[in-house]
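Take a look at the letters that make up each chain.
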Amino acid sequence: MVSDGDGGQPFRCLTAAVNSLHHKCYELSDLVARRVEWRRRGQRVVFTNGCFDLLHPGHVTYLHQARALGDILIVALNSDRSIRELKGPARPILTAAERCQVMAALAAVDAVTVFDAPTPLPVIEQLVPDVLVKGGDWPIEQIVGREIVEAHGGAVYSLPFVPGVSTTDLIDRILSRQGVLARPRP
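Here is a short report on the structure shown in this document. Remember, predicted model here, so these are calculated numbers, not experimental data.

### Overview of the state of the cysteines
No. 1: A complete count under the given rule lists one disulfide for this structure.
No. 2: Note on cysteine connectivity: Cys25 is disulfide-linked to Cys100, with sulfurs 2.2 Å apart. The chirality of the disulfide connecting Cys25 with Cys100 is left-handed, given an S-S dihedral of about -140°. Here the residue Cys25 occupies a position in the loop between α1 (9-21) and α2 (28-40), and Cys100 occupies one in helix α5 (residues 96-104), the gap between them amounting to 75 residues.

And the structure:
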C-alpha cells in the first residue's frame with residue numbers, strides 16, 4: 001500500500017524504487033566512460049535509438065530482440081524538441097524524463113541517454129557500439145551510423161517490424177474510443 005506522501009514507509013519504498021531506475025539514465029559523457037569499461041570487459045554493446053513515446057508491445061518485442069544480440073543494450077531517446085520536429089507539435093506525449101524512466105524500468109535495457117541532434121550520429125560516433133539496430137521500417141543501408149559501426153567491425157541489423165502497433169496507432173485508438181476522430185495521416 002502506498003501512503004499519501006506523509007512520510008510513511010510505503011511511500012519511501014516506492015520513491016526509492018523509482019529513484020533506483022535513474023541509475024540507468026546517463027548523460028552522454030558518463031555513458032561514454034561506461035562504454036570504455038564495457039569494452040575493457042569484452043562485453044558486446046548493442047545500440048538503438050528512437051522516440052519511444054508511448055511504450056507498446058511492438059517496442060517491448062523489439063527491445064528484447066535487440067538485447068539478445070549482445071551483453072549491454074543502450075537506448076538513445078530523441079529529445080522532446082527533436083520529436084516535435086519529427087512528429088509535430090502534439091508530440092511527444094511523455095517528456096524525455098518520463099520516457100527515460102519508463103525505458104530504464106525494462107530489464108532488457110541497460111542504459112538510456114537522450115540526444116537533441118537531428119540524428120543519433122554524434123552519439124554513435126562517441127560510443128561506437130558493436131551492434132547497431134533499428135526496426136524493420138528502416139532498410140539497413142539507411143540506418144544512421146551504419147558506416148561507423150561496420151568500419152569498426154560491428155554489425156547492423158534491421159529487426160522485424162511488429163505490424164499494427166505503433167504510438168500513432170495507439171493514440172488513434174484512444175481518440176476513437178473517446179469519440180474523437182483520428183488525425184489524418186500524411
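On we go from here.
### Examining the environment of Thr113
No. 1: Structurally, Thr113 is set in strand β3 (residues 111-115).
No. 2: Its relative accessible area of 2% is what places Thr113 among the buried residues.
No. 3: In the structure, Thr113 is positioned 36 residues away from Leu77 in sequence and 6.1 Å away in space, judged by C-alpha atoms.
No. 4: Aside from chain neighbours lying at most four places away, what touches Thr113 is Tyr26, Glu27, Leu28, Leu31, Val75, Ala76, Leu77 and Val123.
No. 5: At a separation of 2.9 Å, a polar atom in the side chain of Thr113 contacts the main-chain carbonyl oxygen of Tyr26.

### Section: the nonpolar core
Soluble globular proteins tend to bury their nonpolar side chains together.
No. 1: Membership of the largest hydrophobic core comes to 18 residues, with the highest contact counts inside it found for Leu31, Trp38, Phe47, Ile74, Leu127 and Leu132.
No. 2: Breaking this core down by element, the ones donating at least two residues are α2, β1 (45-50), β2 (72-78), β3 and α6 (121-127).
No. 3: When neighbours within four sequence positions are excluded, Leu132 is seen to be in contact with Phe47, Ile124, Ile143, Val144, Gly145, Arg146, Val149, Ala155, Val156 and Tyr157.
No. 4: Counting 15 residues, the second largest nonpolar core, distinct from the first, contains Val46, Phe52, Met103 and Val112.

### A look at the sheet that holds β1
No. 1: The five strands lie next to each other as β3-β2-β1-β4-β5, forming an open sheet whose pairing is parallel. Lying at the two open borders of the sheet, with one neighbouring strand each, are β3 and β5 (155-159). Sheet twist, expressed as the mean angle between neighbouring strand axes with direction ignored, is 25°.
No. 2: Summarising the sheet, strand β4 (residues 131-135) and β5 pair through five bridges and their orientation is parallel.

### A few points about helix α8 (residues 167-177)
No. 1: Listing the buried residues of α8 in full gives Thr167, Ile171 and Asp172. For α8, the angular spread of buried residues about the axis comes to 135°, placing them on one side.
No. 2: Gly179 occupies a position one or two residues after α8 and carries a positive phi of about 80°.

### A closer look at α2
No. 1: Helix length check: α2 (13 residues) gives 18 Å between terminal C-alpha atoms against 18 Å at 1.5 Å per residue, within 8%.
No. 2: Listed as buried for α2 are Leu28, Leu31, Arg35 and Trp38. Buried residues of α2, viewed axially, fall in a sector of 65°; they line one side. The exposed residues of α2 that point more than 90 degrees off its buried face are Ser29 and Arg40.
No. 3: The elements touched by buried residues of α2 are β1, β2, β3 and α6.

### What about the pairing of β2?
No. 1: Of all seven residues in β2, seven are buried; the element is thus mostly enclosed.
No. 2: Strand direction decides the pairing type here: β1 and β2, joined by six bridges, are parallel. Looking at the pairing, Gly50 lines up with Leu77 of β2.
No. 3: Crossover β1 to β2 through helix α3 (residues 57-67) is right-handed.

### Brief notes about the layout of surface pockets
No. 1: Within this model, the largest pocket holds a volume of roughly 800 Å³.
No. 2: Forming the boundary of the largest pocket are 31 residues, of which Cys51, Lys87, Lys134, Asp137 and Trp138 lie nearest the centre.
No. 3: Contributing elements (two or more residues each) for the lining of the largest pocket: β1, α3, α4 (80-87), β4 and α8.
No. 4: Among the residues forming the lining of the largest pocket, the class breakdown is 15 nonpolar, eleven polar and five charged.

Scoring rules and cut-offs
- Every residue gets a number counted from 1 within its own chain, in the order that chain's sequence is written.
- Selection of residues for local features in this predicted model requires a pLDDT of at least 70, selection of side-chain atom pairs for listing and counting requires 80 or more, and totals for whole chains, interfaces and linings are taken over all residues.
- As a convention, hydrogens and water are excluded, and side-chain values are obtained from all of the structure's heavy atoms.
- We call a pair of cysteine sulfur atoms a disulfide whenever their separation is within 2.5 Å.
- Here a strand is any run of E in DSSP of at least two residues, a helix any run of H or I of at least four, and the numbering for each starts at the N terminus.
- For every residue, the accessible area obtained with a 1.4 Å probe (protein chains only) is divided by the maximum for its type, and the residue is called buried under 20%, exposed over 50%, and partly exposed between those limits.
- We call two residues in contact whenever any of their non-hydrogen atoms come within 4.5 Å of each other.
- Here a polar contact is taken to be a pair of N or O atoms separated by no more than 3.5 Å, where protein atoms must pair a possible hydrogen donor with a possible acceptor and residues adjacent in sequence count only if both atoms sit in side chains.
- To form a nonpolar core, buried Ala, Val, Leu, Ile, Met, Phe, Trp, Tyr and Cys residues must be joined to one another through side-chain atoms within 4.5 Å.
- Strands are labelled as partners when DSSP assigns at least two bridges between them.
- Only the stretch in contact is used when a helix axis is fitted, and all axes are lines through C-alpha atoms; the angle between N-to-C directions ranges over 0 to 180 degrees.
- Comment: arc refers to directions from the helix axis out to C-beta atoms.
- To estimate the expected span of a helix, count its residues, drop one, and scale the result by 1.5 Å.
- Crossover handedness is defined by viewing with both strands directed away from the observer: a clockwise path from the first strand over the helix to the second marks the crossover as right-handed.
- Computed over the protein atoms alone on a 1 Å grid, cavities are sets of points where a 1.4 Å probe fits but cannot get out and pockets are open sets with protein on both sides within 12 Å along at least five of seven lines; a residue lines them when it has an atom within 4 Å of a point.
- Grid points are joined across faces, edges and corners, and a volume is the space filled by probe spheres set on the points.
- Classification used: nonpolar for Ala, Val, Leu, Ile, Met, Phe, Trp, Tyr, Cys and Pro, charged for Asp, Glu, Lys and Arg, polar for all others including Gly.

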